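Each chain is listed here by its residues.
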Amino acid sequence: MEALELILFLLAAVVASSILDNLLPRLSLPLVQIVLGALIALLVHTPLESGLDPELLLILFIAPLHFNESRHADSGALWANRWGIASLSVGLVFAIILSLGFTLHALLPAIPLAAALALGAAMGSTDAVAVMELSKDFKFGRRHETLLTGEAFFNDVTGTVVFQCAIAVAVSGSFSLVHAGEEFALDLFGGLLGGLVMGMLAWGLLEFIRRLGIDNPTLHVTLELLLPFLIYLLAEQLHIGSVIAVVVAGMMMSVLPHRQTSQTARQRLQSRSVWDTISFMLNGVIFVILGMQLPRVLTPATDGGLGNPLVLMGLMALLTLLLEAVRFAWVLGMDVAHHRQQRRAGKNPGPFLTRGELRGALAMALAGPKGGITLSLMLTVPLALTTVDGFPVREALVSVASGMILLTLLLANFAVPALVPHKHVVQKTRQRVDAEARLLMEVIEWVQRDAPMTGVVTEVAPANVAAAGAPPVGALAADAAGDAVERAAQAAVADGATPNAGRFAADEPATVIVMKRYADQLEELMPHASPECAAQAREVVAHCGALYESIDQLAEEVAALAQDGGDGEEGDDSPWPDPSRLTAHFRMLRETYDAVEDVQAQALVRELEVIKRMRKAGELSPDRAKALRNDVYIQQMALD
């Protein structure tokens with residue numbers, strides 16, 4: 001029962017954090033989740049108070065999240081920046097280990113040097129989940145963003161191997177460089193090779209199942225969900241780098257060819273929806289759990305059990321600043337080398353060390369916060385290091401690491417937004433907003449023009465209606481049961497069509513409903529558009545709003561009928577309206593909303609045509625046009 005309550009608390013905290021994230025825009029979602037986790041730990045007794053199994057954290061959260069991110073990572077960009085990623089994943093980690101280790105030992109001699117180096121090794125691993133969240137929200141530049149992603153995928157190998165070696169030295173007092181080198185090579189290269197092989201085997205299994213004629217999307221998505229756990233466990237049995245094996249397997253599966261059929265398209269759409277939901281939940285849960293651990297591991301530092309709390313907190317702040325300074329210096333050095341390489345290659349990289357480039361380098365340095373992997377490593381510090389000469393080394397290491405995790409997350413939350421622009425702000429340029437507003441206005445115009453031809457509910461031939469000079473959709477919608485519809489129907493009948501004015505009227509509200517949907521999207525863009533475009537958009541939105549208000553009378557009439565008891569035959573004292581009238585009106589409403597899908601389908605076709613034309617005219621960028629087309633495709637599939 002306690003486990004069930006814990007799961008419910010975690011899920012509730014994730015949902016609450018998503019709501020609070022919209023109410024508190026200055027706080028990043030991971031930070032909100034950590035705060036909620038800390039509040040839960042302080043107010044509610046949970047099974048996690050006794051500690052967290054680090055291995056469970058890695059397999060249950062890190063493995064599936066890394067697998068999903070790696071499947072959507074740009075493999076070509078990662079390969080093009082392979083040496084930069086290797087520099088961050090190996091060279092920078094060793095620089096952090098040495099700088100933090102020797103500094104901590106010098107400032108707090110009670111902590112052995114080997115144990116201090118172990119702390120530096122744990123701090124060398126960035127939190128991939130937090131990095132991905134930052135990469136999605138902020139514009140670092142293509143190269144820096146690729147380097148951050150690659151670093152998050154691969155740098156935990158170096159930190160983990162050095163951490164294990166440092167702990168072994170701290171406990172036993174012996175160290176073998178050969179053994180450490182073997183462990184590192186087996187983790188890194190074994191994980192790379194094992195991931196390639198297991199990725200190919202997983203791809204082959206899925207293709208084999210498809211060739212057997214089993215194209216059930218649910219089955220394939222379920223297998224995808226199982227794969228990261230199976231790959232991680234198999235890598236553990238082979239004693240190779242488990243996390244790297246999962247990452248490389250995901251990349252391998254993404255680059256291998258896949259059959260292009262309607263079933264595989266549905267499977268990919270369903271897979272993305274499922275993975276998006278699972279990633280959202282796992283991302284949230286891991287930060288909530290991290291927050292639940294912080295009060296427990298920080299208690300010794302705050303209650304004076306490790307000495308003066310202010311001194312210890314000052315030590316945490318100093319080590320955090322040192323960590324970020326080393327990262328900044330390393331990133332800046334890499335940018336200098338990249339600039340010189342571009343110049344030697346005959347390219348013109350432009351001026352260097354400008355204010356913008358320095359801000360970008362500093363933002364990248366601060367965008368490597370520590371998190372779940374760091375805490376899980378520190379929680380594996382053996383109890384043999386509980387006290388050394390009477391000093392609680394283990395508690396000190398875990399407390400210092402936890403404080404640094406919190407500080408790096410705070411820096412990423414408040415400093416990074418001040419250094420680089422938010423992607424949402426960058427994307428909402430006035431030129432792009434104007435183009436999308438024009439797109440929506442043109443689609444609305446096409447929907448209105450197509451009104452006589454989308455009448456699947458009506459039995460009046462569309463060609464006859466058009467030839468008869470049917471009134472514009474505004475008139476039809478504004479007076480759906482009145483003179484405008486009657487004139488159109490009579491004109492069509494005069495031209496040889498079958499009279500059915502009532503059924504013709506049922507289609508026009510459907511047209512107005514679809515126009516209103518596009519008008520709502522247009523209204524959201526108006527605050528960001530240019531004054532001229534916004535003025536045009538306001539006219540269109542007002543026009544669609546007036547049409548939409550006119551069709552509300554259908555619902556009002558039905559509501560009035562439900563309260564009208566005096567419309568029956570004379571002498572009939574029944575409080576209920578005539579059932580035949582209710583049936584007719586409800587049938588009309590049903591036909592109207594059945595027609596909405598047909599009008600929407602035609603509108604989406606028109607939207608694709610407009611997107612294509614605007615892309616050719618250069619009004620929409622290729623990436624934005626592709627994103628808009630994908631949105632249309634999803635809506636078309638939803639209509640099916």
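Since we're looking at a predicted model, the values are computed, not measured.

*Asks:* Sorry, what's going on with the overall build of the chain here?
*Replies:* A count of helical and extended segments in the chain gives 27 helices and zero strands. Here the chain holds 640 residues, and the buried ones make up 47% of them. The long-range fraction of contacts in the chain, counting pairs at least 24 apart against all pairs at least 6 apart in sequence, stands at 81%. Looking at the chain as shown, the accessible area adds up to about 30500 Å², and 62% of this sits on carbon and sulfur atoms.

*Asks:* Where do I start with the nonpolar core in this structure?
*Replies:* A general trend in soluble globular proteins is that nonpolar side chains are found buried together. Core analysis: the biggest nonpolar cluster contains 113 residues, and Phe163 and Met378 have the highest contact counts within it. With residues near it in sequence (within four places) discarded, Phe163 still touches Ala118, Ala121, Ala122, Leu377, Met378, Thr380 and Val381. Leu439, Val514, Met526 and Val610 belong to the second-largest nonpolar core, a separate cluster that totals 39 residues.

*Asks:* For this particular structure, what's the right way to read the packing of aromatic side chains?
*Replies:* What characterises a pair of aromatic rings is the spacing of the ring centres plus the angle enclosed by the ring planes. By the definition in use, this model includes two aromatic pairs. Ring centres 6.0 Å apart and planes at 45° place the aromatic pair Phe67 and Trp275 in the tilted group. Taken together, the residues Phe67 in helix H3 (residues 54-72) and Trp275 in helix H12 (residues 262-302) connect sequence positions 208 residues apart. Taken as a pair, Phe67 and Trp275 share a single burial class, namely buried. Between Phe153 and Phe154, the aromatic rings sit 6.3 Å apart at their centres with planes inclined by 80°, giving edge-to-face as the arrangement. Of the residues examined, Phe153 reaches a relative accessible area of 1% and is grouped as buried. In this arrangement the basic side chain of Arg82 is found over the ring face of Trp79, its NZ or CZ atom lying 4.3 Å from the centre. Here the basic side chain of Arg606 rests over the ring of Trp446, its NZ or CZ set 4.0 Å away from the ring centre.

*Asks:* I'm lost on the layout of surface pockets in this one. Help?
*Replies:* The method is simple in principle: a probe with the dimensions of a water molecule rolls over the atoms, and the space it marks as empty is what remains. Its volume calculated, the second largest pocket comes out at about 710 Å³. Residue lining of the second largest pocket: 21 residues in total, with Leu78, Trp79, Arg82, Phe154 and Leu192 positioned closest to the centre. Looking at the lining of the second largest pocket, the elements with two or more residues in it are helix H4 (75-80), helix H5 (82-107), helix H8 (142-172), helix H9 (177-211) and helix H11 (242-255). Per-element accounting of the lining of the second largest pocket gives the leading share, six residues, to H5. For the lining of the second largest pocket, the per-class residue count stands at 17 nonpolar, three polar and one charged.

*Asks:* Could you clarify how one ought to interpret the pattern of salt bridges in this entry?
*Replies:* In a structure, side chains of opposite charge can pair up when their charged atoms sit close to one another. What the rule picks out here adds up to twelve salt bridges. Its salt-bridge partner being Glu619, residue Arg438 comes within 3.3 Å of it at the nearest N-O pair. In this pair, Arg438 is assigned in helix H19 (residues 430-449) and Glu619 in the loop between helix H26 (579-616) and helix H27 (622-639), connecting sequence segments 181 residues apart. On the basis of relative accessibility, which here comes to 29%, the residue Glu619 falls in the partly exposed class.

*Asks:* Would you mind going over the environment of Leu377 with me for this structure?
*Replies:* Structurally, Leu377 is set in helix H15 (residues 372-378). Under the relative-accessibility criterion, Leu377 is labelled buried at 11%. Considering only alpha carbons, one finds Leu377 and Ala122, 255 residues apart in sequence, at a separation of 6.2 Å. Those residues within four positions of Leu377 in sequence are excluded, and the remaining contacts are Ala122, Thr160 and Phe163.

*Asks:* Please clarify how unusual backbone geometry should be interpreted in this entry.
*Replies:* Glycine aside, residues mostly have negative phi, and peptide bonds are mostly found in the trans state. Phi angles above zero are rare outside glycine, and His239 is one such case at about 60°. Here His239 is to be found in the loop between helix H10 (217-238) and H11. The exposed category is assigned to His239, whose relative accessible area is 57%.

*Asks:* Would you mind going over the side chain of Glu436 with me for this structure?
*Replies:* Relative to the assigned elements, Glu436 resides in helix H19. The contacts of Glu436, once residues within four sequence positions are left out, are Leu525, Leu620 and Arg624.

*Asks:* What's the story with the packing of H9 against H11 in this structure? I'm lost.
*Replies:* In helix packing, the relevant descriptors are the interaxial angle and the interaxial distance, both defined with respect to the helix axes. Close contact between H9 and H11 brings their axes to 7 Å; oriented N to C, the two are set at 40°. With respect to each other, H9 and H11 are oriented oblique. As for how H9 packs across H11, the hand of that crossing is right-handed. Residues Leu188, Gly191, Leu192, Gly195, Leu196, Met198, Gly199, Met200, Ala202, Trp203 and Leu206 of H9 lie in contact with H11, whose contacting residues are Ile244, Ala245, Val248, Ala249, Met252 and Met253. The residue inventory of the contact of H9 with H11, partitioned by class, reads 14 nonpolar, three polar and no charged.

Quick notes on the rules
Numbering of residues starts from 1 in each chain and follows the order in which that chain's sequence is written. Only residues with pLDDT of 70 or above have their local features reported here, since the model is predicted, and side-chain atom pairs are shown and tallied only from 80 upward, although totals for entire chains, interfaces and linings are computed over all residues. Calculation of side-chain values draws on the structure's entire complement of heavy atoms; hydrogens and water are dropped beforehand. Secondary structure elements follow DSSP: runs of H or I of four or more residues count as helices, runs of E of two or more count as strands, with numbering from the N terminus. Accessible area is worked out with a 1.4 Å probe on protein chains only. A residue is then buried under 20% of its type maximum, exposed over 50%, and partly exposed in between. The contact definition used throughout considers only heavy atoms, calling two residues in contact when any of these lie within 4.5 Å. Computed with the Shrake-Rupley method and a 1.4 Å probe, the accessible areas treat only the protein chains shown as cover for residues. Put simply, buried Ala, Val, Leu, Ile, Met, Phe, Trp, Tyr and Cys residues joined by side-chain atoms within 4.5 Å make one nonpolar core. The aromatic pairing rule takes the rings of Phe, Tyr and Trp, using the six-membered ring of Trp, and pairs them if the centres are within 6.5 Å, calling planes under 30 degrees apart stacked, those over 60 edge-to-face and the rest tilted. Here, over-ring charges are defined by two tests on the NZ atom of lysine or the CZ atom of arginine: distance to the ring centre within 6 Å, and angle to the ring normal within 35 degrees. Cavities and pockets are defined on a 1 Å grid built over the protein atoms alone: a cavity is a set of grid points where a 1.4 Å probe fits but cannot escape, while a pocket is an open set with protein on both sides within 12 Å along at least five of seven lines, and lining residues are those with an atom within 4 Å of any such point. Grid points are joined across faces, edges and corners, and a volume is the space filled by probe spheres set on the points. Each residue gets one of three labels, nonpolar for Ala, Val, Leu, Ile, Met, Phe, Trp, Tyr, Cys and Pro, charged for Asp, Glu, Lys and Arg, and polar for the others, Gly among them. One speaks of a salt bridge when a side-chain nitrogen belonging to Lys or Arg is within 4 Å of a carboxyl oxygen belonging to Asp or Glu. Fitting a line to C-alpha atoms yields each axis, with helices limited to the stretch in contact; the angle taken between N-to-C directions then spans 0 to 180 degrees. By definition in this entry, angles of less than 35 degrees are roughly parallel, angles greater than 145 are roughly antiparallel, angles of 65 to 115 are roughly perpendicular, and the rest are oblique. Handedness of each helix crossing follows the sense of rotation of the near helix against the far helix: counterclockwise by less than a right angle gives left-handed, clockwise gives right-handed.

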